[in-house]
Amino acid sequence: STRVRSSAASDVYKAAITYVGEKINYSHLNRLINDILRSKKVYLYAQGDNRSLCNVIQVELSTLYIPVVICDADFIKSYQFKEEHLLIILSTNGTIFQLNKRIISRLVHAEVNTWLITCNCDIEFSKNKLIVPSCKAKYNKYAIRHVIDIVIAAMRFVHSYKLIKAEFYLNYKTYVTIKDS
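Bear in mind the structure is a predicted one, so any value in this text is a computation, not a measurement.

Trainee: Can you help me understand the overall build of the protein chain in this one?
Mentor: Within the protein chain, the regular secondary structure consists of 6 helices and 5 strands. In the protein chain, the succession of α and β elements from N to C terminus is α-α-β-α-β-β-α-α-β-β-α. Of the contacts formed within the protein chain by residues at least 6 apart in sequence, a portion of 71% connects residues at least 24 apart. For the protein chain, the exposed area adds up to about 11100 Å²; of that, 55% sits on carbon and sulfur atoms.

Trainee: Honestly, the sheet that holds strand S2 (residues 68-70) in this entry has me stumped. Any pointers?
Mentor: Adjacent strands of a sheet form backbone hydrogen bonds with each other and so pair up, either parallel or antiparallel. The strand order across the open sheet built from 5 strands is S2-S1-S3-S4-S5, with neighbouring strands paired in parallel fashion. Edge strands, defined here as strands with exactly one partner in the open sheet, are S2 and strand S5 (128-131). In this sheet, adjacent strand axes meet at a mean angle of 20 degrees when their direction is disregarded. Sheet topology places strand S1 (residues 41-46) next to strand S3 (residues 85-91); 6 bridges connect them, and they run parallel. Residue pairing for S3: leucine 44 is matched across the bridge by isoleucine 88. Along the sheet, helix H3 (residues 50-62) contacts S1, S2 and S3; its crossing angle with S1, the most-contacted strand, is approximately 165 degrees.

Trainee: How should I be thinking about the pattern of salt bridges in this particular structure?
Mentor: Think of it this way: side chains of opposite charge can pair up when their charged atoms draw near. Here the structure, examined in full by the defined rule, presents 3 salt bridges. Put simply, aspartate 149 and arginine 145 hold a salt bridge, and the shortest N to O gap is 3.0 Å. Of the two residues, aspartate 149 and arginine 145 both sit in helix H6 (residues 140-180), 4 residues apart, roughly one turn of that helix. Overall, the relative accessible area of 34% leaves aspartate 149 in the partly exposed class.

Trainee: Explain the nonpolar core to me, please; I cannot follow it from the model alone.
Mentor: In this structure, Ile36, Val42, Leu61, Ile88, Leu90 and Ile117 are the most contacted members of the largest nonpolar core, which totals 31 residues. For this core, the secondary structure elements donating two or more residues are helix H2 (26-38), S1, H3, S3, strand S4 (113-118) and H6. The greatest single-element share of this core, amounting to 7 residues, is contributed by H6. Ignoring any residue separated from it by four or fewer positions in sequence, one finds isoleucine 36 in contact with Val42, Leu61, Ile66, Leu86, Ile88, Val151 and Met155. One finds Leu87, Leu107, Ala110 and Val112 within the second-largest nonpolar core, a separate group that totals 17 residues.

Trainee: What exactly am I supposed to notice about the packing of aromatic side chains here?
Mentor: Given two aromatic rings, one states the distance between the centres and the angle between the planes to describe the pair. With the rule as written, the count across this model stands at 7 aromatic pairs. Grouped by ring-pair contacts, the aromatic residues Tyr43, Tyr45, Phe75, Tyr79 and Phe81 constitute a single cluster.

Trainee: For this particular structure, what's the right way to read unusual backbone geometry?
Mentor: What you tend to see is this: most non-glycine residues have negative phi, and most peptide bonds are trans. Here tyrosine 65, not a glycine, exhibits a phi torsion of approximately 65 degrees, which is positive. For tyrosine 65, the location among the structural elements is in the loop between H3 and S2. Among the residues examined, tyrosine 65 registers a relative accessible area of 71% and is labelled exposed. At phenylalanine 75, a position not held by glycine, the phi torsion is positive, near 50 degrees.

Trainee: I'm lost on H2 in this one. Help?
Mentor: The periodicity of an α-helix, 3.6 residues per turn, causes residues three or four places apart in sequence to face the same way. For H2, which comprises 13 residues, the first-to-last C-alpha distance of 18 Å matches the rise-based estimate of 18 Å (1.5 Å per residue) to within 8%. Listing the buried residues of H2 in full gives Leu29, Leu32, Ile33, Asp35 and Ile36. End-on, the buried residues of H2 take up no more than an arc of 160 degrees, which puts them together on one face. The N-capping residue of H2, defined by a side-chain oxygen 3.0 Å from the backbone nitrogen of serine 27, is asparagine 25.

Trainee: Could you clarify how one ought to interpret the pairing of S4 in this entry?
Mentor: Regular strands place side chains that alternate from one sheet face to the opposite one. By the criterion of burial, S4 is predominantly enclosed, with 5 of the 6 residues buried. Relative to S4, S3 is paired through 6 bridges, and the arrangement is parallel. When the sheet's bridge partners are listed, serine 91 is paired in S4 with threonine 118.

Procedures and definitions
- Residues numbered from 1 in each chain as written.
- Predicted model: local features only at pLDDT ≥ 70, side-chain atom pairs only at ≥ 80, totals over all residues.
- Heavy atoms only, no water.
- Helix = DSSP H or I, 4+ residues; strand = E, 2+ residues; numbered from the N terminus.
- Contact = heavy atoms within 4.5 Å.
- Areas by Shrake-Rupley, 256 points an atom, 1.4 Å probe, with all protein chains shown as cover.
- Pairing = 2+ DSSP bridges.
- Axes fitted to C-alpha atoms, helices over the stretch in contact; angles between N-to-C directions.
- Salt bridge = Lys/Arg side-chain N within 4 Å of Asp/Glu carboxyl O.
- Buried < 20%, exposed > 50% of the residue type's maximum accessible area, 1.4 Å probe, protein only.
- Core = buried A, V, L, I, M, F, W, Y, C linked by side-chain atoms within 4.5 Å.
- Phe/Tyr/Trp six-rings, centres within 6.5 Å; stacked < 30°, edge-to-face > 60°.
- Expected span 1.5 Å × (residues − 1).
- Arc of directions from axis to C-beta.
- Polar contact = N/O pair within 3.5 Å; in protein donor to acceptor, adjacent residues only side chain to side chain.

Remember, this is a structural readout, not a statement about activity or role.
Here it is, written out as structure tokens:
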């Protein structure tokens, strides 16, 4: 009985994740990944449960030598955004857009490349937006986490590729130098 329930729950989560993979806009996802890879610093903003996702992103991006700043929950501090920086807003259901208009105004008017990652397709947002498709609202947090995992995996892949390419180049240069000696 417990095994059957566990299997059924597992099937539901698999279906929710498969739905994300089938329905997400890969063009927007790739643009987001490229913007992160080009950034000299990434700022993350979230409230509630999504703040823990900010910590996950911070740890993962630090292994790729991309500095990350997690913005304060009330967005009171003054951040020194520069052209090569990126601000990512995580809002699973878009509730931050209903709670505090001052925060939203500051986020929207920040002079920095900005991305909103949300499952709520009805949010008016004038900057970049990645809508994370979800088959049911109760699975939104899993859908968001899955997309974050995809972004991190893609960035690791690109980083590994660059390291392999650099190692090949260095080995080739050493070979040519030895051969020419």
